[in-house]
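The primary structure of each chain is shown beneath.
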Protein chains: 2
Amino acid sequence: MSAGTDHPGVPIRPTMKDVAAAAGVGLKTVSRVVNGEAGVSEETARRVRAVIDQLGFRRNDGARLLRQGARTGSVGLLLEDVADPFYSQLSRAVEEVVRAHGALLLTGSSAEDSERERALALGFCARRVDGLVVVPTSADHGYLAPEAAAGTALVCVDRPMPGLDVDTVLADNRAGAAIGTAHLLRQGHRRIGYLGDAPDIFTAAERLAGYRQAMADAGHPVDESWIAMGRPDPLEVRFVLARLLGGPEPVTALMCGNNRTTVAVLRELAGRQERPALVGFDDFELADLLAVPVTVVAQDPALMGRTAAELLFRRLHGEPAPAQHILVRTRLIPRGSGEIPP
Amino acid sequence: MSAGTDHPGVPIRPTMKDVAAAAGVGLKTVSRVVNGEAGVSEETARRVRAVIDQLGFRRNDGARLLRQGARTGSVGLLLEDVADPFYSQLSRAVEEVVRAHGALLLTGSSAEDSERERALALGFCARRVDGLVVVPTSADHGYLAPEAAAGTALVCVDRPMPGLDVDTVLADNRAGAAIGTAHLLRQGHRRIGYLGDAPDIFTAAERLAGYRQAMADAGHPVDESWIAMGRPDPLEVRFVLARLLGGPEPVTALMCGNNRTTVAVLRELAGRQERPALVGFDDFELADLLAVPVTVVAQDPALMGRTAAELLFRRLHGEPAPAQHILVRTRLIPRGSGEIPP
DNA sequence: TTGAAAGCGCTAACAT
DNA sequence: ATGTTAGCGCTTTCAA
């Protein structure tokens, strides 16, 4: 072994040098065999391969990449939470594309914490990923400018990246929320509550804007007390619903800003008497099989992920300059809950 | 720049050498500043830092690791499909532990294809991950033996690894399925159908064995026609249910082997008249809010993921030899569907 | 067909 | 406090 004393508990990986020595050939010959290059007699190649198997040699791609100065064939994916069904579907789509390009995927969840996201992003860059697919937090991302300038491809998905103009794939948040709200208005609802995510989150703000716009377009005033923005927390949702559905002038319908909120609301409603109409932004599994099937404005997370990843590889393959901004359409799926009359 | 001609479309990353030259200091001084080592005057350090920011220098961890011969601080996670809620929860738990240890996570989905899993695993190993958390396919994994011998920590989760005895975290599959089946028997059911995943999948086989055992323990014979094993495919489920629920002696209850199958069955049942009792293996979101809430044998994917990842790091921190086999308990959650009488 | 030497970006060990 | 040299595991270049 190359590293002298081979402590039992501290195994050492054999290197090409070890293989070369054991096979009685030069280093370059081993390299040729490992990489399937021409110029090695079948006899020699066989001997080298035997030693490789016997020693359990596996090429160190880190060293290879260092020498070649080439791309690492790895891509980083940064999102809020892999366990959120929206992101896990997006994630799978990204992974599929990455795999099709023979690359490896590094994944990290920011948990909506920009410091954590930053640490992950820089960690990925220090590992020299070829590119990054990011669902950015709302903090400034200027720190990624040097990376982008150094050739790390950058694509945002689901949200834009504050402080940096890069390729971006977004859902049609505002229009989607407007369509969902308009749908409720069409059923005759006038007092429509809106439960959205924390307002500093781009999608939450956009969707709220869509709600306001639909109300305005229909000429119906919005009572600010109908609006509740915040992380989807069961207890919080309980308080909000008690407020919105109680009192002398309760709302008769609810628009929910994301699938986590919708599910939290459904769970809370199950324990209450009121059955307000409900439209959720973002589809979710079993929405169609609930006691009252849930009307949603569906996104297409797989399409968003695929689009973002393909954009990334197009950049890596040298597609030229201006940052693209792609909007992915949403669509209303009426299932029942959104058609409940006031 | 170190690489001479700086083509516009081909950006080159500055290296420590570049920083050193631009700052008019030696290479090692830059290294000291970058790594926060002592022995640099504040004056010099400031100048170096200024150049670093200006050039957008970022240390190449690949080179660093190569030189140090140290661990890479990265871990690979291989599972069947990140978009399956069971695995996405497991995945998040693994990621959490990995992050707590300051490491990075590479993720790959095998899609139940052992060739693909092998390619991913070896790719990870070529990148010199410190360890691998794997949900193994049913193929032989002897090819990982050299990696394990070379010091790559290996932990299996959800399924054991054929051909290699390593640390393993499993759910209590057999007992869980037996408890679910016994629950149905207790309600008076005798003709109980079993819909499981492909029989070469460890968990599918174990759970089926649990079903058989419960039936045998109760002294009730199993008609082989009640058993249907295969990938959860909507069309397939449709045929199976038509067969099980039609005919002169239909089953009165169903035991489902995993959450994908359960959901597929629920979807199909929604379009049919019959309302057989139903127990699903593995819990899923909204199971409690369906028209008939679904009784399940719940696993704890987060606990399984956390346990596996912690085991991995304990190995990396030098915990000694024998492979551990940890069983994570399942528990029956009665919600309604499993309490429907025959 | 084969291999010796140089060097990728970095750090360890040793100067100064 | 700072710099020089060697070398991690590999590939590239060039010579034999």
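Because the structure is predicted, anything quoted here is derived from the model rather than measured.

Draft legend 1. Local environment of the packing of aromatic side chains. All chains considered together, the criterion is met by four aromatic pairs over all chains. An angle of 40° between the planes, with centres 5.0 Å apart, marks the rings of A:Y194 and A:Y211 as tilted. Taken together, the positions of A:Y194 in strand β6 (residues 192-196) and A:Y211 in helix α9 (residues 202-217) put the pair 17 residues apart, joining distant regions of the chain. Residue classification places A:Y194 among the buried residues on the basis of a relative accessible area of 1%. Seen from their ring centres, B:F86 and B:Y87 are 5.1 Å apart, and the 80° between their planes marks the pair as edge-to-face. Taking NZ or CZ as reference, A:R118 lies 5.0 Å from the ring centre of A:Y143, over its face.

Draft legend 2. Representation of the layout of surface pockets in the model. Space inside the second largest pocket adds up to approximately 990 Å³. Contributions of two or more residues to the lining of the second largest pocket are made by α5 (85-100) and α11 (259-270) of chain A together with α5 (85-100) and α11 (259-270) of chain B. A class-by-class count of the residues in the lining of the second largest pocket yields 15 nonpolar, seven polar and 20 charged.

Draft legend 3. Structural detail: the interface of chain A and chain B. In this complex, chain A contributes 58 residues to the contact, which on the side of chain B involves 58 residues. In this assembly, chain A packs against chain B so that about 5,100 Å² is buried in total across both faces, 52% of it on carbon and sulfur atoms. The largest contributions to the chain A side of the interface with chain B come from A:R13, A:R58 and A:R128, which together make up 14% of the buried area. The interface formed by chain A and chain B holds 14 salt bridges in total. A salt bridge links B:E147 to A:R58; its shortest N-O distance comes to 2.3 Å. Summed over the shared surface of chain A and chain B, the number is 28 residue pairs in polar contact (both at pLDDT 80 or more). For the side of chain A that touches chain B, the elements supplying multiple residues, two or more each, are α4 (61-68), α5, β2 (104-109), α6 (114-126), α7 (145-149) and α11 of chain A. A class-by-class count of the residues in the side of chain A that touches chain B yields 26 nonpolar, 15 polar and 17 charged.

Draft legend 4. Inspection of the protein's contact with DNA strand D at higher detail. Taken together, 24 residues lie around DNA strand D, and A:M16, A:K28, B:G26, B:T29 and B:R67 are the ones closest in. By atom count, sugar and phosphate contribute 63% of the portion of DNA strand D lying within 4 Å of the protein. At 2.8 Å, a side-chain N or O of A:R64 approaches a phosphate oxygen of DNA strand D. At 2.7 Å from a phosphate oxygen of DNA strand D is found a main-chain nitrogen or oxygen belonging to B:S41. Every element with two or more residues in the surface near DNA strand D is listed here: α2 (27-34) and α4 of chain A together with α2 (27-34) and α4 (61-68) of chain B.

Draft legend 5. Geometry of α2(B). Turning to α2(B), its buried residues are B:T29, B:V30, B:S31 and B:V33. Among the structural elements, α1 (16-23) and α3 (42-55) of chain B are those in contact with the buried residues of α2(B).

Draft legend 6. Structural detail: unusual backbone geometry. All names here are of chain B. For R128, which is not glycine, the phi torsion reads 60° and is therefore positive. Structurally, the position occupied by R128 is in the loop between α6 (114-126) and β3 (131-134). Despite not being glycine, D282 shows a phi value in the positive range, around 90°. Its relative accessible area of 4% is what places D282 among the buried residues.

Draft legend 7. Geometry of the packing of α1(B) against α2(B). Residue and element names in this part refer to chain B. Closest axis-to-axis distance for the α1/α2 pair is 8 Å, and the angle between their directions is 110°. One element, α1, and the other, α2, form an angle in the roughly perpendicular class. Every residue of α2 that contacts α1 at M16, K17, V19 and A20 is listed here: L27, V30, S31 and V34.

Scoring rules and cut-offs
Residues numbered from 1 in each chain as written. Chains lettered and ligands numbered in written order. Predicted model: local features only at pLDDT ≥ 70, side-chain atom pairs only at ≥ 80, totals over all residues. Heavy atoms only, no water. Phe/Tyr/Trp six-rings, centres within 6.5 Å; stacked < 30°, edge-to-face > 60°. Helix = DSSP H or I, 4+ residues; strand = E, 2+ residues; numbered from the N terminus. Buried < 20%, exposed > 50% of the residue type's maximum accessible area, 1.4 Å probe, protein only. Lys NZ or Arg CZ within 6 Å of the ring centre and 35° of its normal. 1 Å grid on protein atoms, 1.4 Å probe; cavity = no way out; pocket = protein on both sides within 12 Å on 5 of 7 lines; lining within 4 Å. Points joined across faces, edges and corners; volume = space filled by probe spheres on them. Nonpolar A, V, L, I, M, F, W, Y, C, P; charged D, E, K, R; others polar. Contact = heavy atoms within 4.5 Å. Buried area = accessible area lost by both parts, 1.4 Å probe. Salt bridge = Lys/Arg side-chain N within 4 Å of Asp/Glu carboxyl O. Polar contact = N/O pair within 3.5 Å; in protein donor to acceptor, adjacent residues only side chain to side chain. Near = heavy atom within 4 Å. Axes fitted to C-alpha atoms, helices over the stretch in contact; angles between N-to-C directions. Parallel < 35°, antiparallel > 145°, perpendicular 65-115°, else oblique.

Read these as layout, nothing more, since geometry by itself doesn't imply function.
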